[in-house]
Amino acid sequence: RQELDAATSSSSSSSSSTFFVSATMHEATNSTKQATGQATKLVLTGSSTLIPESSTIYQLDTESGAQEALLDVAAPNEDLAAFSDACVCGGKYYGVFANPPMDFGIFTADLGSNQFQARTHTSNLWHKVTCDPNDDTKLVGVSSDTAGVFYIAKFDLVTLEDTTVAPFPTDSKAVWNGYDAQLQFDDPARPTALYVSFADDAVI
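Everything numeric in this text was worked out from a predicted model, so none of it was measured.

**What about the overall build of the protein chain?**
In terms of regular secondary structure, the protein chain is built from 2 helices and 14 strands. Taken over 204 residues, the protein chain has a buried fraction of 44%. Long-range contacts, defined as pairs at least 24 residues apart, comprise 36% of the intrachain contacts of the protein chain with a sequence gap of at least 6. Entry remark: accessible area of the protein chain is about 10,800 Å², with carbon and sulfur atoms responsible for 51%.

**A short note on the sheet that holds strand 5 (residues 86-89)**
Think of a sheet as strands paired side by side through backbone hydrogen bonds, with each pair either parallel or antiparallel. In spatial order, the strands read 5-6-7-8; together these 4 strands make up an open sheet with antiparallel pairing. Single-partner strands in this sheet number two, and they are strand 5 and strand 8 (115-121). Adjacent strand axes in the sheet meet at a mean angle of 20°, parallel and antiparallel pairs treated alike. In this structure, strand 6 (residues 92-99) lies alongside strand 7 (residues 103-110), joined through 8 bridges in antiparallel fashion. By the bridge assignment for strand 7, K92 is matched with D110.

**As for the confidence of the model for the protein chain**
On average, residues of the protein chain carry a pLDDT of 77, and 75% of them reach 70 or more. Here residues 1-37 scores under 50 on pLDDT; set against residues more than four positions off or in separate chains, the count is 77 contacts.

**As for the pairing of strand 5**
Residues A86 and V88 of strand 5 are buried on one face, and the alternating residues C87 and C89, pointing to the opposite face, are buried as well. In this structure, strand 5 lies alongside strand 6, joined through 4 bridges in antiparallel fashion. When the bridges of strand 6 are listed, C87 appears paired with Y94. Between strand 5 and strand 6, which follow one another and run antiparallel, lie 2 residues, and G90 among them has a positive phi close to 60°.

**Quick word on the pattern of salt bridges**
According to the stated counting rule, one finds 6 salt bridges in the structure shown. In this structure, K138 engages D135 in a salt bridge whose closest nitrogen and oxygen atoms are separated by 3.2 Å. Measuring nitrogen to oxygen at the nearest pair gives 3.7 Å for the salt bridge that ties K138 to D156. Here the residue K138 occupies a position in strand 10 (residues 138-144), and D156 occupies one in strand 11 (residues 150-156), the gap between them amounting to 18 residues. When its relative accessible area of 23% is taken as the criterion, K138 is described as partly exposed. Through salt bridges with shared partners, a single network forms among D79, D103 and R119.

**Structural notes on the pairing of strand 11**
Extensive coverage of strand 11 is indicated by the burial of 5 of its 7 residues. One ladder, built from 7 bridges, connects strand 10 with strand 11; its direction is antiparallel. Its bridge partner being in strand 11, L139 is matched across the sheet by F155. Once strand 10 ends, the chain turns through 5 residues before running back antiparallel as strand 11, passing G148 with a positive phi of about 85°. Where strand 11 lies against strand 12 (residues 162-167), 5 bridges are found, and the strand directions are antiparallel. Its bridge partner being in strand 12, K154 is matched across the sheet by T163.

**Quick look at the nonpolar core**
Ranked by internal contacts, the top residues of the largest apolar core, which has 14 residues, are V43, I57, L71, Y93, F107 and L111. Residue assignment for this core shows that the elements contributing at least two residues are strand 4 (67-72), strand 5, strand 6 and strand 7. Residues V96, I106, C131 and F155 belong to the second largest nonpolar core, which totals 11 residues.

Calculation rules
- Residues numbered from 1 in each chain as written.
- Predicted model: local features only at pLDDT ≥ 70, side-chain atom pairs only at ≥ 80, totals over all residues.
- Heavy atoms only, no water.
- Helix = DSSP H or I, 4+ residues; strand = E, 2+ residues; numbered from the N terminus.
- Buried < 20%, exposed > 50% of the residue type's maximum accessible area, 1.4 Å probe, protein only.
- Contact = heavy atoms within 4.5 Å.
- Areas by Shrake-Rupley, 256 points an atom, 1.4 Å probe, with all protein chains shown as cover.
- Pairing = 2+ DSSP bridges.
- Axes fitted to C-alpha atoms, helices over the stretch in contact; angles between N-to-C directions.
- pLDDT = per-residue confidence, 0-100.
- Salt bridge = Lys/Arg side-chain N within 4 Å of Asp/Glu carboxyl O.
- Core = buried A, V, L, I, M, F, W, Y, C linked by side-chain atoms within 4.5 Å.

Encoded structure:
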C-alpha cells in the first residue's frame, strides 16, 4: 500500500482526500511480461472521502508509475464505496462495493470502451472475488449473509445473480475481524484454494 500511494500521489491530480481501493492486475502477467516486455498494470477505483462520494476508475503501470484515469463514474453510481476486492475477467473490471446494511454488491466496467456497465445489488455481502477458473461466465469468491455466516460463492455474469456454494465452518474461532485481507486465494488468476486466517489462529 505504501508503494502504491507513492506511485499514485506523484501523478494524480486528485486531492489528498482521495484513496485507492479495489486494485486488480490487468493485462500482462509476470510470464507475459518477460515474454513481451510489457509492464504489469493495476486497475483501481479511487473514491473521495466526501459525501456524496465521487469515484474514478484508474489504470496504474507498476513499472513507470504512470496513472491513467479510465472513466469517471457518473451519477447515480458515483458513490461506489469500493472498499474491498476486484478482478479483471474477459476485458471487464468487476469490483465489490459495500455500504452495508443497505447498499452492497458488484459493479462492472468495460475496459475496452471505458464504460460503466452495471451496479448489481447482491443477496450477500462480497469480500473476495476473482474469475472462475472453470467457467468464464462466473466469478468465484467469498460472501457473507446477514447472520454473519461466510460462504464460498459464485456470481453469474449473465443473470447477475449470486449463489452460495458452501458455508465456512461455524467454529467459534472462525471470527471475521473486519478485514478482507484475511481471505486470500493461492493464485488470484487461476485459484485452486482459499486460505483464511483468523485472530485466534484458526486457519481454513
